[in-house]
Amino acid sequence: MRNLILSPLILDITEYILPLNPIDVFGNQNDTALEIGFGEGDFLIELARKKTDWNFIGIEIKKKRFVKAIKKAEGFQLKNIRFLLMDAQIAISEVFSKDSFSEVYINFPDPWPKERHKKHRFINIPFLRRLSLIMKSGAILEIVSDHKEYIDYILEAIQEAKTFRAEFEYPHYITVTPSDRPKTRYEIEFRKEGREIYYLRFINEKEDEIHETHCNNSATDAS
Ligand SMILES: C[S@@+](CC[C@H](N)C(=O)[O-])C[C@H]1O[C@@H](n2cnc3c(N)ncnc32)[C@H](O)[C@@H]1O
């Protein structure tokens, strides 16, 4: 295997003082989007090709997929994309500074359907609260899955975390993904099989702002 350590597309966090701001990585003030669990990277690469005035960072835990994605991206000579090989749960707590991201995508997170495996699901209340901190106020979080039970679980966690506001009216998802949104490998496969796909979109509301709103409301109530 080629020595991938030489690829400029690898985000090598040992080169930086943590927590890391995307400005330090890309050397510009452009908005940055994050994809968690990018698989073979097709979705993120397509976005990076389309939106050249944005920066893109992907995190993936599986090395083979990480390597495949880098090889694909190298073919397009992209300057606005970096790939991080890491557990996203560690990355969002330890690696990035507050207010780093304007958009975050989580496409087809592993649903771990068996009861005894549910503890492996990474989208939970603490995860959402930490994710909110590294996202800008008003930033967008998109989650897509074919697994309705996981979708319900995520919606409950979102409600409990109190850091995101659902963009869609109840039941807070739609089953048509926007036509200009790149399709991920899993989405293409699942659609071929005729499975229903659930698309969720949230707006980040920072905890300090939520707190402020509540305090202001209480002040108004008291007067
Ligand atoms: C079902 S696949 C979906 C891949 C891709 N997003 C797609 O839609 O085609 C889930 C991906 O999340 C990755 N993943 C699972 N847990 C992760 C974690 N803690 N941190 C980073 N990536 C993770 C898996 O390795 C896998 O590539």
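Residues numbered from 1 in each chain as written. Predicted model: local features only at pLDDT ≥ 70, side-chain atom pairs only at ≥ 80, totals over all residues.

**Quick notes on the overall build of the chain**
For the record, the criterion: Under the DSSP-based scheme used, a helix requires at least four consecutive residues in state H or I and a strand at least two consecutive residues in state E, with every element numbered from the N terminus. Only C-alpha atoms enter the radius of gyration, while the globule expectation follows 2.2 Å times N to the 0.38, with N the number of residues. Here exposure depends only on C-beta density: within 10 Å of a residue's C-beta, 20 or more other C-beta atoms make it buried, 12 or fewer make it exposed, and intermediate numbers make it partly exposed, the C-beta atoms being placed from the backbone.
Within the chain, the regular secondary structure consists of eight helices and seven strands. Compactness check: the chain gives a C-alpha radius of gyration of 18 Å against a globular reference of 17 Å for 223 residues, within 12% of the reference. Each principal axis of the C-alpha distribution contributes one length, and for the chain these read about 65 × 45 × 35 Å. Expressed as a percentage of the 223 residues in the chain, the buried residues total 32%.

**What to know about the site of the ligand**
Note the cut-off: Being near a molecule or strand means, for a residue, that its backbone-placed C-beta atom lies within 6 Å of it. Under the convention adopted here, Pro, Cys and the residues Ala, Val, Leu, Ile, Met, Phe, Trp and Tyr are nonpolar, Asp, Glu, Lys and Arg are charged, and Gly plus all remaining residues are polar.
Among the 20 residues in the neighbourhood of the ligand, the closest are listed as Gly-37, Gly-39, Ala-88, Thr-184 and Tyr-186. Those elements that provide at least two residues to the shell around the ligand are β2 (55–60), α4 (88–94) and α7 (185–192). Among the residues making up the shell around the ligand, the classes are represented as nine nonpolar, five polar and six charged.

**Some words on helix α3 (residues 63–75)**
Helical geometry note: an α-helix holds 3.6 residues per turn, so side chains three or four residues apart project in the same direction. Spelled out, the test is: Any helix carries an expected span of 1.5 Å times its number of residues minus one. Working definition of a contact: two residues with C-beta atoms, positioned from the backbone, lying within 7 Å.
Taking 1.5 Å as the rise per residue, α3 with 13 residues should run 18 Å; its terminal C-alpha atoms sit 19 Å apart, in good agreement. Close packing links the buried residues of α3 with α2 (42–50), β2 and β3 (81–85). Just past α3, the residue Gln-77 takes up positive phi, approximately 50 degrees.

**So, the confidence of the model for the chain**
What counts here: Predictor confidence is given residue by residue as pLDDT, running from a minimum of 0 to a maximum of 100.
Predicted confidence across the chain gives a mean pLDDT of 92, with 90% of residues reaching 70 or more. Considering only residues more than four positions removed or in separate chains, one finds that residues 217–223, a stretch of pLDDT under 50, has zero contacts.

**Looking at the pairing of strand β4 (residues 101–107)**
Let me state the cut-off plainly: For two strands to pair, DSSP has to find at least two bridges joining them. When the strands point away from the viewer and the path from the first strand over the helix to the second turns clockwise, the crossover is right-handed.
Buried residues dominate β4, accounting for six of its seven residues. Pairing analysis gives six bridges linking β4 to strand β5 (residues 135–145), with the strands arranged parallel. Across the sheet, residue Ile-106 finds its bridge partner in β5, namely Ile-143. Chirality of the crossover, the property in question, places the unit of β4, helix α5 (residues 125–134) and β5 among those that are right-handed.

**A short note on the environment of Lys-63**
Examined against the element boundaries, Lys-63 turns out to sit in helix α3. Along the sequence, Lys-63 and Gly-39 sit 24 residues apart, while their C-alpha atoms lie 9.7 Å from each other.

**A short note on the sheet that holds β2**
Spelled out, the test is: Between N-to-C directions, angles span 0 to 180 degrees; the directions come from axes that are lines fitted to C-alpha atoms, helices contributing only their stretch in contact.
With mixed pairing, the seven strands of this open sheet are ordered in space as β3-β2-β1-β4-β5-β7-β6. Pairing within the sheet leaves two strands with one partner each, and these edge strands are β3 and β6 (164–166). With direction set aside, neighbouring strand axes in the sheet form an average angle of 20 degrees. Sitting on the sheet, α5 touches β4, β5, β6 and β7 (198–204), and the angle it makes with β5 is about 135 degrees. Packing of helix α6 (residues 148–161) onto the sheet brings it into contact with β5, β6 and β7, and relative to β7 it is tilted by some 10 degrees.

**Digging into the environment of Asn-124**
As for its position among the elements, Asn-124 is in the loop between β4 and α5. Residue class for Asn-124 comes out partly exposed when judged on the 17 C-beta atoms lying within 10 Å of it. It is 9.8 Å that separates the C-alpha atoms of Asn-124 and Leu-155, two residues lying 31 residues apart in sequence.

**Considering the nonpolar core**
Inclusion rule: Structurally, a nonpolar core is described as a collection of buried Ala, Val, Leu, Ile, Met, Phe, Trp, Tyr and Cys residues joined by way of C-beta atoms within 7 Å.
With 52 residues, the main nonpolar core has Leu-44 and Val-104 as its most contacted residues. Beyond its immediate stretch of four places on either side in the chain, Leu-44 contacts Glu-35, Phe-38, Phe-56, Gly-58 and Ile-81.

**Points about the pairing of β5**
Of the pairings in the sheet, the one linking β5 to β7 comprises six bridges and is antiparallel in character. If you follow Ser-145 over to β7, its bridge partner there is Tyr-198.

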